[in-house]
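Summary of structural features
Okay, here's what each chain looks like letter by letter:
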Amino acid sequence: MQNNIENKTVIITGASSGIGEATAKQLASKGAKVVLGARRADKLEQIVTDITSAGGEAIYQVLDVASQAENDAIVKLAKETFGRVDAIFLNAGLMPSSPVSALKTDEWHRMVDVNITGVLNGVAAVMPEFTAQKSGHILATSSVAGLKAYPNAAVYGGTKWFVRSFMEVLRMESAMEGTNIRTATIYPAAINTELLETISDKGTQEGMKALYDTYGISPDRIADVVSFALNLPADTTVNEFTVGPANQPW
Ligand SMILES: NC(=O)c1ccc[n+]([C@@H]2O[C@H](COP(=O)([O-])OP(=O)(O)OC[C@H]3O[C@@H](n4cnc5c(N)ncnc54)[C@H](OP(=O)(O)O)[C@@H]3O)[C@@H](O)[C@H]2O)c1
């Protein structure tokens, strides 16, 4: 099978753990040049060391996706280091779920800042480049919570529904404008990562932990999906992937 991943420069946000880390390692093993962004420099440094020791190409820059300037800076770094940018995986996110009645308003706003504004900032940072070169691939991690509403996820789910709608319109407009910017939105179910650590509401965390202990699968499964999307020929898009444990009803 043809390797369309080799030599692509791919920026990954939320690359310091979980899905982002697994994806960075897998893409690098397939020959991509990966540019890792997240807030924890020590984690990013270790992942870059792991990738380069295995013969891959990777760099990192500390990134808070809520900052437009920091998103612009990581795109600039990718371009200066590797010559061009082919894809961005907008994956940074957090899920401090709770019932609305708990009024954890700081957490609501933080989810909006990272899960929504972070995606907008990443798109704004790459669009000029992708539009000018008439190619580019924008991938984003939504969630099954972006497809179905469920208790304790009013705000988290809302942020992920936003990603779904935004990415679909981006795909349509790109096709209409002839810019060949492809999109892929991923809707994972229970994936074993550090995500549950962001839940401060005790009851919600216990319930989610029990669910993940029963069903959770490896973040490598999401990396497989990202690889599949990036490996497609330039004239083809598979723009939505719902992926999760085979035994989870979700
Ligand atoms: N795990 C699941 O079951 C599941 C299911 C559906 C969707 N998702 C989505 O998958 C994505 C990845 O999460 P994960 O499951 O891999 O959990 P994770 O291990 O907690 O990873 C989250 C990543 O986001 C980064 N991040 C958080 N806030 C950030 C910010 N302000 N700026 C930049 N990076 C930030 C974290 O790095 P730093 O802390 O170093 O910044 C970390 O690398 C999220 O969007 C999540 O909503 C996960």
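Presented here is an overview of the structure given in this document. Because the structure is predicted, anything quoted here is derived from the model rather than measured. (Residues numbered from 1 in each chain as written. Predicted model: local features only at pLDDT ≥ 70, side-chain atom pairs only at ≥ 80, totals over all residues. Heavy atoms only, no water.)

Our next topic: the nonpolar core. With 34 residues, the main nonpolar core has I11, V75, L90, M95 and I138 as its most contacted residues. Breaking this core down by element, the ones donating at least two residues are α3 (68–82), β4 (87–90), α4 (105–133), β5 (136–141), α5 (154–177) and α6 (202–215). Per-element tally for this core: the top contributor is α4, with 7 residues. Apart from the residues within four sequence positions on either side, V75 is in contact with I11, V85, A125 and V126. (Core = buried A, V, L, I, M, F, W, Y, C linked by side-chain atoms within 4.5 Å. Buried < 20%, exposed > 50% of the residue type's maximum accessible area, 1.4 Å probe, protein only. Helix = DSSP H or I, 4+ residues; strand = E, 2+ residues; numbered from the N terminus. Contact = heavy atoms within 4.5 Å.)

With 5 of 5 residues buried, strand β1 (residues 9–13) is to be regarded as a mostly interior element. With burial as the criterion, each face of β1 is covered, one bearing T9, I11 and T13 and the other bearing V10 and I12. As defined by bridge partners, β1 adjoins strand β2 (residues 33–38) across 5 bridges and the pair is classed as parallel. Bridge pairing in β2 links T9 to K33. Running through helix α1 (residues 18–29), the crossover from β1 to the neighbouring parallel element β2 is right-handed. As paired strands, β1 and β4 are joined by 3 bridges and run parallel to one another. Note on β4: the bridge partner recorded for V10 is A87. (Pairing = 2+ DSSP bridges. Right-handed = clockwise from strand over helix to strand, strands pointing away.)

Before going further, it helps to spend a moment on the pattern of salt bridges. A side chain of one charge can pair with a side chain of the opposite charge if their charged atoms are brought near each other. Going through the model one piece at a time under the given rule, you end up with 11 salt bridges. Close ionic contact of E80 with K76 constitutes a salt bridge, the shortest N to O distance being 3.2 Å. Of this pair, E80 and K76 both sit in helix α3, 4 residues apart, which is roughly one turn of the helix. The pair E80 / K76 is uniform in exposure class, with both members exposed. A cluster of three or more residues bridged by salt bridges with shared partners is formed by E21, K25 and D50. (Salt bridge = Lys/Arg side-chain N within 4 Å of Asp/Glu carboxyl O.)

Let us look at the sheet that holds strand β7 (residues 240–243). The 7 strands are arranged β3-β2-β1-β4-β5-β6-β7 in an open sheet whose pairing can be described as parallel. Each having just a single partner strand, β3 (57–62) and β7 make up the two edges of the open sheet. Neighbouring strand axes in the sheet, compared pairwise and without regard to direction, differ in orientation by 15° on average. Contacting β4, β5 and β6 (181–188), α4 runs over the sheet at an angle of about 170° to β4. (Axes fitted to C-alpha atoms, helices over the stretch in contact; angles between N-to-C directions.)

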